[in-house]
Amino acid sequence: MSASPASQPWVNALSQLAGAVKILDYDDGLHEMLATPRREVNVAVPLRRDDDRIELFHGYRVQHNVSRGPGKGGLRFHQAVDVDEVRALAMLMTWKCAVVDLPYGGAKGGVGIDPSRYSLPELERVTRRYTTEIMPVIGPERDIMAPDMGTDEQTMAWVLDTYSVSHGYTIPAVVTGKPIPLGGSLGRTTATSRGVVHVTRAALVRAGDRLEGASVAIQGFGKVGAHAAQIFATEGARVVAVSDQFGGLHNPAGLDVDHLMRHVAQTGSVVGFPEADPIDNSTLLALEVDVLVPAAVDGVLDADTAHAVRARFVVEGANGPTTGEADVILAERGVVVVPDILANAGGVVVSYFEWAQANQAYRWTGDEIESRLADRMHSAFADVSETAARESLSLRDAALVIGVRRVAEAHQTRGLYP
Ligand code: NAD
């Protein structure tokens, strides 16, 4: 664990783990083992700019736990990336992979760079140098990268190429979220959103309700939020509000999502869409709807905003949208929260399918991927829901308990070497 003052995401991650460890009644030694990343690599990433100046960035790869299999987790390019944030996200990946029962541990990588300020060739050089620096610790059986904030399938293609060229042959399973011609999986782009809709349906059914006709508000209209809106509408739910960083929209009768997608493609924002009333992001969070899906940034539901929530269900499309204080407030007010490590796990599930296809050198059909994703999400939801009922826990605590228990059992069954 870090000796310097820890940042908020890492404090939150440690506090969630401490809660699960308390419920599981683990001893201090096991707690410390679960709290401590197995391996952290800090690298300097020098870049020759297009104008020949040299700039230096800091890069990280953290493998939080590898007891159940290779590390798995995204690569983030963002100016605010630091080692604590990467640690927190790596720990989250450990529990997430365990909750949906993937044979993976948790990892995460990051480079402290604002990608919007650099040219494509510059980003390629940064990606290739970072990959080279962390080469000894990654690989299809060691640690598998995927896109995250500020990176995309092109970044993964550069990682794949750099790794493959240095090994002398093509190794597609070193990354997931790669372009389809390089072995990317069908269904990966929409997988997180599909998972969000699957668990929303399961949560409604558990409460004796149904998805058809349910009203949904979604904060964030990016990769997760926009696809979720489309899938919710296709499945018969009523998407009454959406937002992005510029503002939001409300139409109680339901938005025409396909029309909205075309508007966003033309203008770059949901703002200005004619068939709805403009609202701001805090109003969206307080709408009286069946389901609220925060799918933008972390910490939006905090001690202030949680009091205003009037949704019956909060389904966490984003990572960490609800603070610990907000969790308590929402529980007191009877709002059911489907936690991030379950709700947005569809992306890593289809990443796992992509890795499995690369290892088999055999492509699955879109239907196979869709039905296997649905099975995984519904079975993970059932595990979490049964544990919550049996042990009188919130869905978040139940998901954490399942994830942490699976990792601890793997660790203990393997035994300590030497
Ligand atoms: P994205 O960058 O594609 O979209 C983010 C959206 O949020 C954009 O519409 C942006 O305008 C909006 N936004 C940004 N700041 C906002 C603010 N302050 N208020 C309201 N809206 C704001 O990102 P994404 O891939 O959709 O990821 C969204 C969240 O989901 C993140 O927390 C991410 O970690 C999490 N997540 C993503 C995936 C995935 O497969 N993409 C998987 C698991 C978790």
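Since the model is a prediction, treat every value here as computed from it, not as a measurement.

Here we have five strands laid out as an open sheet, ordered β1-β2-β4-β3-β5, and mixed in their pairing. With one partner strand each, in any of the chains shown, β1 (39-48) and β5 (143-147) form the two edges of the open sheet. Adjacent strand axes in the sheet meet at a mean angle of 20° when their direction is disregarded. Across 10 bridges, the pairing between β1 and strand β2 (residues 54-65) is antiparallel. Directly across from R39, in β2, lies its bridge partner Q63. Strands β1, β2, β3 (71-77), β4 (106-111) and β5 of the sheet are contacted by helix α4 (residues 120-134), whose axis makes an angle of about 145° with β1.

Where β1 folds back on β2, the antiparallel hairpin that results is connected by five residues, among which D52 adopts a positive phi of roughly 85°. Two strands pair when backbone bridges link them, and β2 and β4 are joined in this way by six bridges, in the antiparallel orientation. Within β4, the residue paired with R61 across the bridge is G109.

On to the site of the ligand. For the ligand, the set of nearby residues contains 18 residues, the closest of which are T192, F221, K223, V224 and Q245. In this structure, F221 approaches the ligand through a main-chain N or O atom, which is 2.9 Å from an oxygen atom. One of the backbone N or O atoms of K223 is found 2.9 Å from an oxygen atom in the ligand. For the ligand, whose accessible area on its own is 830 Å², the fraction buried by protein is 74%. Secondary-structure elements contributing two or more residues to the shell around the ligand are α6 (188-206) and α7 (223-234). Class assignment for the residues of the shell around the ligand results in six nonpolar, nine polar and three charged.

Next up on the list: the domain arrangement of the protein chain. By the assigned domains, the protein chain splits into domain 1 (38-182) and domain 2 (191-343). On the side of domain 2, four residues touch domain 1, which itself brings four residues to the contact. Both faces considered, domain 1 and domain 2 share a buried interface measuring about 510 Å² in area, 65% of it formed by carbon and sulfur atoms. Looking only at domain 1, the three residues that lose the most surface to domain 2 are L92, K96 and V99, adding up to 66% of its buried area. Where domain 1 touches domain 2, the interface holds zero salt bridges. Here domain 1 and domain 2 share one residue pair in polar contact (both at pLDDT 80 or more) between them.

Conventions used here
Residues numbered from 1 in each chain as written. Predicted model: local features only at pLDDT ≥ 70, side-chain atom pairs only at ≥ 80, totals over all residues. Heavy atoms only, no water. Pairing = 2+ DSSP bridges. Helix = DSSP H or I, 4+ residues; strand = E, 2+ residues; numbered from the N terminus. Axes fitted to C-alpha atoms, helices over the stretch in contact; angles between N-to-C directions. Contact = heavy atoms within 4.5 Å. Near = heavy atom within 4 Å. Polar contact = N/O pair within 3.5 Å; in protein donor to acceptor, adjacent residues only side chain to side chain. Areas by Shrake-Rupley, 256 points an atom, 1.4 Å probe, with all protein chains shown as cover. Nonpolar A, V, L, I, M, F, W, Y, C, P; charged D, E, K, R; others polar. Domains from an automatic or database assignment. Buried area = accessible area lost by both parts, 1.4 Å probe. Salt bridge = Lys/Arg side-chain N within 4 Å of Asp/Glu carboxyl O.

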